[in-house]
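Structural overview for review
Below are the chains, spelled out letter by letter.
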Amino acid sequence: MNNADYLEHPADIDQLDEKILKLITRNARIPFLEVARECGVSGAAIHQRVQRLLNIGVITGSEFIVDPQKLGYNTCAYMGIYLEKAKFHKQVVAAMSKIPEIVECHYTTGQYAIFIKIQTKTNKHLKKLIDEELQEIEGIARTETYMSLEMNFKRQVPIK
Amino acid sequence: MLVSSDVKTKKMTLRNNLDEVDLKILDIITQNARIPFKDVAREVGISRAAVHQRVNRMIELEVIIGSGYHINPNKVDFKTCSYIGIYLEKGDLFTEVVEQLKRIPEIVECHYTTGQYAIFVKVYAKDNEHLKNILSSQVQKIQGIASTETFISLEQTFKREIPVNS
């Protein structure tokens, strides 16, 4: 078996890359000239470095971060999913990726087979989603829901 | 006249003063933060200055709370992703415990939840040993935490943003 399938090596990044990452993960629209000035290199070098970081998959895109509540998404919940049989995993994940309110999906150890994060507008919306969409998915035995009453913080992984 | 403006305000407060154009802009810039505003303007059908103005307004309203590049944690050597459910000795210790958790940079998300756990966090560690260290010498040392339960994510199957336009 080719071990490249399961051994993922950390990307080859140097201190300058780390400095750039620190700046642009905090503010995606920061002018590259400003990054350049702070790092003491040319603007073109920053462009090149960022492009390289994108190419090797260290950064996977950029986003404006929105407050879900301001968009009317007031209910956030985590849900542990038990499957009828472990082999249903693939088809269940495929069915769940079609539900846009599910924003995160993990294959986990522990009591649950799958662990997901859901954002809905109201509790009623969540109930409807569980009733009419999730529990219709073939292979799901049952679910356990943890409602988040408050998100205390959310941030990116630390760059040393 | 009065009636129609009433209806309008009511409709706008529902979405926190956002109209269709705002939502269209959000939909675009939440996918790509570095897209030139002139491209956004073309797509939405308003002027570039208007896009600027609307984005600034949404920042003021705190609809937009920041921007950033997505880092792939695997590539910066954070290979173990896990969720940890935390039991507290007493419910009223919540605020202090969250303050302490915030000091651990590997904890990237923290929620106050219903269900069996009081607090639920997401942690990125370099490997299983690093996770063990974070757990035993940092998290479990925090006063007020009774016990923890860890779910290791073997694979993040997907992760995305909430649907803006719906």
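Everything here concerns the structure above.
Here is a short report on the structure shown in this document. A quick note: this is a predicted structure, and the numbers were derived from the prediction, not measured. (Residues numbered from 1 in each chain as written. Chains lettered and ligands numbered in written order. Predicted model: local features only at pLDDT ≥ 70, side-chain atom pairs only at ≥ 80, totals over all residues.)

The next point concerns the overall build of chain A. Per the secondary structure count, chain A includes five helices and five strands. Along chain A, helices and strands appear, N-terminal first, in the series α-α-α-β-β-α-β-β-α-β. Against the 2.2 N^0.38 benchmark of 15 Å for 160 residues, chain A shows a C-alpha radius of gyration of 20 Å, more extended than a compact globule. Along the first, second and third principal axes, the C-alpha atoms of chain A reach 55 × 50 × 25 Å. Each of the 160 residues in chain A was classed as buried or not, and the buried ones make up 28%. Sequence-distant contacts in chain A: of pairs separated by 6 or more residues, those separated by 24 or more amount to 62%. (Helix = DSSP H or I, 4+ residues; strand = E, 2+ residues; numbered from the N terminus. Rg over C-alpha atoms; globule rule 2.2 N^0.38 Å. Buried ≥ 20, exposed ≤ 12 C-beta atoms within 10 Å, placed from the backbone. Contact = placed C-beta atoms within 7 Å.)

Counting its secondary structure elements, chain B contains six helices and five strands. When the helices and strands of chain B are listed from N to C terminus, the series reads α-α-α-α-β-β-α-β-β-α-β. When each of the 166 residues of chain B is scored for burial, the buried share is 30%. Relative to all contacts within chain B whose residues are 6 or more apart in sequence, the contacts with residues 24 or more apart total 61%.

The next thing to look at is helix α3 (residues 43-55) of chain A. Since there are 3.6 residues in each turn of an α-helix, residues three or four apart along the chain are aligned in direction. Residue and element names in this part refer to chain A. Look at α3: 18 Å from first C-alpha to last across 13 residues, which is about the 18 Å you get at 1.5 Å a residue. Where the residues of α3 are buried, they touch α1 (15-26), α2 (32-39) and β1 (59-66). Phi turns positive, to about 80 degrees, at Gly57, one or two residues after α3. (Expected span 1.5 Å × (residues − 1).)

Further remarks concern the pairing of strand β2 (residues 80-88) of chain B. All names here are of chain B. By the criterion of burial, β2 is predominantly enclosed, with seven of the nine residues buried. For β2 and strand β5 (residues 145-159), the ladder comprises eight bridges, and the chain directions are antiparallel. Counterpart to Ser82 in the pairing with β5 is Ile152. (Pairing = 2+ DSSP bridges.)

The interface of chain A with chain B comprises 55 residues on the first partner and 57 residues on the second. Within the residue set of the side of chain A that touches chain B, elements represented by two or more residues are α1, β1, β3 (102-108), β4 (114-120) and β5 (140-154) of chain A. Per element, the largest residue contribution to the side of chain A that touches chain B is nine residues, and it comes from β5(A). Residue composition of the side of chain A that touches chain B, grouped by class: 29 nonpolar, 16 polar and ten charged. Pairing analysis gives five bridges linking β5(A) to strand β3 (residues 107-113) of chain B, with the strands arranged antiparallel. (Nonpolar A, V, L, I, M, F, W, Y, C, P; charged D, E, K, R; others polar.)

Taken in spatial order, the eight strands of this closed barrel run β2(A)-β4(A)-β3(A)-β5(B)-β2(B)-β4(B)-β3(B)-β5(A), and their pairing is antiparallel. Neighbour-to-neighbour, the strand axes of this sheet turn through a mean angle of 35 degrees, independent of strand direction. Strand direction decides the pairing type here: β3(B) and strand β4 (residues 119-125) of chain B, joined by five bridges, are antiparallel. Its bridge partner lying in β4(B), Glu109(B) is registered against Lys122(B). Packed on one face of the sheet, helix α5 (residues 94-102) of chain B meets β5 of chain A together with β2, β3, β4 and β5 of chain B and runs near 165 degrees to β3(B). (Axes fitted to C-alpha atoms, helices over the stretch in contact; angles between N-to-C directions.)

Residue and element names in this part refer to chain B. Here Glu62, not a glycine, exhibits a phi torsion of approximately 60 degrees, which is positive. Relative to the helices and strands, Glu62 resides in the loop between α4 (48-60) and β1 (64-71). With 12 C-beta atoms packed within 10 Å, Glu62 lands in the exposed category. A positive phi is found at Asp77, a non-glycine position, where the angle reads about 75 degrees. Residue class for Asp77 comes out partly exposed when judged on the 17 C-beta atoms lying within 10 Å of it.

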